[in-house]
Amino acid sequence: MAENDNFQVVRHPFSMREAIDEAKRCLQCKVPQCEKGCPIGNHIKEFNHQLSKGNLGAAMEAINEVSNLPAICGRVCPHEKQCQGHCVLNRKGNPIQIGQIESFIADFDTKMRLTREPVPQKTRGNIAVIGSGPAGLTVAGDLARKGFAVTIYEGQPEPGGVLMWGIPEYRLPKDVVRSEIKKIAELGVNFVNNTLVGENGINVDWMFDQGFDAIFMGTGTAIPQNMDGVPGAKLRGVSQSTYLLHQVNAFNEGAIGRDMIPAHKGERVGVIGGGNVAMDAARTAIRLGCDVTVIYRRTQEEMPAIQAEYEDAVKEGVKFWWKSSVTAFNDNGHGRLGSVQVQDENGERTEVFDRIFLAIGSRPANRIVSTTKGIEVDEKGYVKVMDRPYGMTTRRGVFAGGDVVHRPQTVVLAMKAAKDVALGIEQYVDAVKLLQHIDQIDSSDDTGNQQ
């Protein structure tokens, strides 16, 4: 079996029969708690109802009213903490499998091309979006539906951001991401790839010069946190989990060879961290044939990772050391990692590792802020925004949302923030254009009076 066959999807999608049967279990609550548990307020009750009757098109229309990325959210959201966790049937431990239903509807719509939304004329304004991750795609989709012309600038050769390069194939197939992006493009959104804003003279000022009415920064947190204060943290063999995930995704896409992946069969690998990136890195290393241990400074109950991802990691053979910290990385005598010092409740010990991957958080890059005047950030580099209009930075007409403002969060929480900012952009551009129209009328009156 080829090594990249190990990255096939773990949870298989519903069949038509399974999806309809699951939707029929929905109690159609008068006040659906599942929708209260969804950060973006998805119309779960309605799409379950429509699916239960076999109305796939109507089910998709209910989803499209709220979500731009249903096939993705249905796969990667922490459903047990959100919609499914709030389902009344969860009290008996058997909630509606809302995520699988949502992704089934979206996948079926893609395959059969059931719904194609009418594209409104782009007459309300011209918007630039920096970054094509969850926040950028959400803003673009929402504003395109409202009659705005939207252009997304993406630094990579292909749009998708963290959805393409930061989530393993077995959790989120890249063909699914491409299909969702294609639907957004069909709304009239234009994508400009291989364009890194903040370099080669392309910055916020340049964008305003191109005639954009407002700009949205959805650049996420591109710079991983390191452990520079710990001895030996710069040894070869100590690297970032995000780098591992990026390289494996590139390998699975056929873009690079196996030798470019920084992990090899039989190696003992440690992953420091307890979030979703740590779980992704650990389960990815397992698939590469490594012996994997997650080292986390808190308890299992305090771990922020999705519970289902942790449980799958345990089933796949990942080991966990709780309330443990690495206090030093030890040189093997050749400038490379040989072992680490681990501190836990029982004291300190030395453990041999071939590689350590860090998954301890990330922070925004300053490329855009440093090349633009007037955008203020806090002490950690996160962009400051205001409440009115929602999401606007300290630079007039420049908005920001998602992880670059609210710290690293889940895909759907980035979408929630972006939807709020999209409304702020809409209100801002409409107000500016109204004032410009009034000024033109006043100027015309003044000219007439002078004559």
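Residues numbered from 1 in each chain as written. Predicted model: local features only at pLDDT ≥ 70, side-chain atom pairs only at ≥ 80, totals over all residues. Heavy atoms only, no water.

Draft legend 1. Seen up close, the pattern of salt bridges. Scanning the entire structure with this criterion turns up 29 salt bridges. With a closest N to O distance of 3.6 Å, Arg113 and Glu186 form a salt bridge. You can see Arg113 sitting in the loop between α7 (98–112) and β1 (125–130) and its partner Glu186 sitting in the loop between α10 (174–185) and β3 (190–192), a full 73 residues away along the chain. We note a salt bridge from Glu316 to Arg283, for which the minimum N-O separation is 2.8 Å. With a gap of 33 residues between them, Glu316 in helix α14 (residues 307–316) and Arg283 in helix α13 (residues 276–287) connect regions that are remote in the sequence. Residue classification places Glu316 among the partly exposed positions, given a relative accessible area of 25%. Under the relative-accessibility criterion, Arg283 is labelled buried at 0%. Overlapping salt bridges, with partners in common, bring together Arg171, Asp280, Arg283, Arg287, Glu309, Asp312 and Glu316 in one network. (Salt bridge = Lys/Arg side-chain N within 4 Å of Asp/Glu carboxyl O. Helix = DSSP H or I, 4+ residues; strand = E, 2+ residues; numbered from the N terminus. Buried < 20%, exposed > 50% of the residue type's maximum accessible area, 1.4 Å probe, protein only.)

Draft legend 2. Seen up close, the side chain of Lys419. With respect to the helices and strands, the residue Lys419 is situated in helix α17 (residues 411–450). With a relative accessible area of 18%, Lys419 lands in the buried category. Excluding anything up to four places from it in sequence, Lys419 contacts Ile40, Val66, Asn68, Thr138 and Asp142. (Contact = heavy atoms within 4.5 Å.)

Draft legend 3. Structural context of the sheet that holds strand β9 (residues 319–321). Taken together, five strands build an open sheet; the order of strands is β6-β13-β7-β8-β9 and the sheet is parallel. Two strands in the sheet have a free side with no partner beyond their single neighbour: β6 (238–240) and β9. Sheet twist, expressed as the mean angle between neighbouring strand axes with direction ignored, is 25°. In terms of strand pairing, strand β7 (residues 268–272) meets strand β8 (residues 291–295) through five bridges, oriented parallel. Across the sheet, the residue bridging to Ile272 is Ile295, located in β8. Relative to β6, helix α12 (residues 241–252) is tilted by about 70°, and along the sheet it contacts β6, β7 and β13 (355–358). (Pairing = 2+ DSSP bridges. Axes fitted to C-alpha atoms, helices over the stretch in contact; angles between N-to-C directions.)

These results come straight from atomic positions and should not be treated as a statement about function.
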